[in-house]
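Each chain, letter by letter, is given below.
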Amino acid sequence: TMSCQHGDDDGLPAVAGCSDCDMLLCELHSTVHGASKKTCRHVVTPLQGATAGVAQSACQLHPTEKLEKFCHSCNVLLCAKCIRKSGHDSHEVVGTESHATTVSQQLK
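Residues numbered from 1 in each chain as written. Predicted model: local features only at pLDDT ≥ 70, side-chain atom pairs only at ≥ 80, totals over all residues. Heavy atoms only, no water.

> Would you take a moment to explain the confidence of the model for the chain for this structure?
In low-pLDDT regions, the fine details of the predicted coordinates are not to be read closely. With 83% of its residues at a pLDDT of 70 or more, the chain has an overall mean of 77. Mean pLDDT per element in the chain: helix α2 (residues 54-57) is the minimum at 48, and helix α1 (residues 27-35) is the maximum at 87. This model gives residues 49-56 a pLDDT under 50, and the stretch forms 5 contacts once residues within four places in sequence are excluded. (pLDDT = per-residue confidence, 0-100. Helix = DSSP H or I, 4+ residues; strand = E, 2+ residues; numbered from the N terminus. Contact = heavy atoms within 4.5 Å.)

> Even after reading the chapter, I still don't get the layout of surface pockets, so can you show me in this structure?
In this approach the atoms are scanned with a rolling probe the size of a water molecule, which exposes any empty space left behind. Of the volumes computed, that of the second largest pocket is approximately 220 Å³. Around the second largest pocket, the lining is made up of 11 residues, and of these Glu-27, Leu-28, Thr-31, Thr-96 and Glu-97 lie nearest the centre. Looking at the lining of the second largest pocket, the elements that each hand over two or more residues are α1 and α4 (96-107). Top element by residues in the lining of the second largest pocket is α1. It accounts for 4 residues. (1 Å grid on protein atoms, 1.4 Å probe; cavity = no way out; pocket = protein on both sides within 12 Å on 5 of 7 lines; lining within 4 Å. Points joined across faces, edges and corners; volume = space filled by probe spheres on them.)

> I keep staring at the sheet that holds strand β2 (residues 23-25) and nothing clicks. Help me out?
The strands making up a sheet associate through hydrogen bonds between their backbones, and the pairing can be parallel or antiparallel. Strand order in the open sheet formed by 3 strands is β2-β1-β3, and the pairing between neighbours is antiparallel. Both outer strands of the open sheet, β2 and β3 (44-46), are each paired with one neighbouring strand and no more. Within the sheet, the average angular offset between the axes of one strand and its neighbour, ignoring direction, is 30 degrees. In this structure, strand β1 (residues 16-18) lies alongside β3, joined through 3 bridges in antiparallel fashion. Looking across to β3, one finds that Cys-18 is bridged to Val-44. Sitting on the sheet, α1 touches β1, β2 and β3, and the angle it makes with β2 is about 110 degrees. (Pairing = 2+ DSSP bridges. Axes fitted to C-alpha atoms, helices over the stretch in contact; angles between N-to-C directions.)

Here is the structure:
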């Protein structure tokens, strides 16, 4: 599987590519890319084989769960089961929308 090429990611699966930056992006950074003033006009195209909604947001450890949270402590996307079962319950965890907004503001 191809991984996100955004500087601060640790192997998250790429779901889109930006032709202006020549970079592969995970779901989170694809969203941030479209929301940032600097990159909102870039051409971001879904990768062939990425299924809208399901494949892009399903947890690899718990495929029936959606990735809805982001752990700042570990810099990873999480589902509800990951938070409870993988020791993230004491970490700084926020919703993916909140994290995308924060990253977008940092890029401005």
